[in-house]
Amino acid sequence: LSAVSRRTGLILWTPTDDLILCRAVESGLDLATVASTLLDRRFSLRDVERRWSAILYDPAVAAQVTHELSLLDAAAAAA
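Residues numbered from 1 in each chain as written. Predicted model: local features only at pLDDT ≥ 70, side-chain atom pairs only at ≥ 80, totals over all residues. Heavy atoms only, no water.

Enquirer: Which parts of the structure should I look at to understand the pattern of salt bridges?
Expert: Between side chains of opposite charge, a pair can form as their charged atoms come close. Under the definition given, this model contains four salt bridges. A salt bridge links Arg51 to Asp18; the nearest nitrogen and oxygen atoms lie 2.7 Å apart. Taken as a pair, Arg51 in helix H3 (residues 45–57) and Asp18 in helix H1 (residues 15–26) lie far apart in primary sequence, 33 residues in all. Residue Arg23 pairs with Asp73 through a salt bridge whose shortest N-O separation is 3.3 Å. Remark: Asp73 occurs in helix H4 (residues 59–78) and Arg23 occurs in helix H1; sequence separation between them is 50 residues. Using a relative accessible area of 39% as the deciding quantity, one classes Asp73 as partly exposed. (Salt bridge = Lys/Arg side-chain N within 4 Å of Asp/Glu carboxyl O. Helix = DSSP H or I, 4+ residues; strand = E, 2+ residues; numbered from the N terminus. Buried < 20%, exposed > 50% of the residue type's maximum accessible area, 1.4 Å probe, protein only.)

And the structure:
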C-alpha cells in the first residue's frame with residue numbers, strides 16, 4: 001500500500017521514492033516496471049505516472065525533488 005495523508009488524501013512520496021523513480025526512468029525503465037517492482041511501497045501505475053508528470057511539469061514539485069535529491073547525494077558522498 002502507498003502511504004496516504006489522512007489530512008489531504010494525497011499519496012506521500014519520500015525522497016527515496018523519488019530517487020528510485022528518477023534513476024529508474026533515467027536508466028530507461030518504463031513506469032509500469034517502476035510501479036510494480038522497484039519502489040519499497042506499492043504505488044499504482046497511475047500514482048507513478050502522476051508523480052513523474054509532476055516532477056517534469058510542476059515547477060514547485062521539480063524544485064522540491066531536485067533539492068531533496070541533492071541532499072541525498074550529499075549525504076551519500078559524506079558517508
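Enquirer: What exactly am I supposed to notice about the nonpolar core here?
Expert: By size, the foremost hydrophobic cluster in this structure holds 15 residues, and its most contacted members are Leu21, Val48 and Ile55. If one sorts the elements of this core by residue count, H1 sits on top with four residues. Discounting chain neighbours no more than four positions away, the residues touching Ile55 are Asp18, Leu21, Cys22, Val61, Ala62 and Val65. (Core = buried A, V, L, I, M, F, W, Y, C linked by side-chain atoms within 4.5 Å. Contact = heavy atoms within 4.5 Å.)

Enquirer: I'm lost on the packing of H3 against H4 in this one. Help?
Expert: Where H3 contacts H4, the axes come no closer than 6 Å and their chain directions differ by 95°. As judged from the angle between their axes, H3 and H4 are roughly perpendicular. In this structure, H3 uses Arg51, Ala54, Ile55 and Tyr57 to contact H4, whose residues at the interface are Pro59, Val61, Ala62 and Val65. (Axes fitted to C-alpha atoms, helices over the stretch in contact; angles between N-to-C directions. Parallel < 35°, antiparallel > 145°, perpendicular 65-115°, else oblique.)

Enquirer: Help me understand the confidence of the model for the chain in this model?
Expert: If pLDDT is low for a region, its predicted coordinates should not be looked at in detail. On average, residues of the chain score 85 in pLDDT, and 84% of them are at 70 or above. For the chain, the element scoring lowest by mean pLDDT is helix H2 (residues 31–38), at 90; H3 scores highest, at 95. (pLDDT = per-residue confidence, 0-100.)

Enquirer: I'm lost on the packing of H1 against H4 in this one. Help?
Expert: Helix-helix packing: each pair is described by the crossing angle between the helix axes and the interaxial distance. Direction vectors running N to C along H1 and H4 enclose 95°, while the axes themselves pass 10 Å from each other. For the element pair H1 / H4, the angle class is roughly perpendicular. Residues Pro15, Thr16, Asp18, Leu19, Cys22 and Arg23 of H1 touch H4, and the partners they reach there are Val65, Glu68, Leu69, Leu72 and Asp73. In terms of residue class, the contact of H1 with H4 is made up of six nonpolar, one polar and four charged. (Nonpolar A, V, L, I, M, F, W, Y, C, P; charged D, E, K, R; others polar.)

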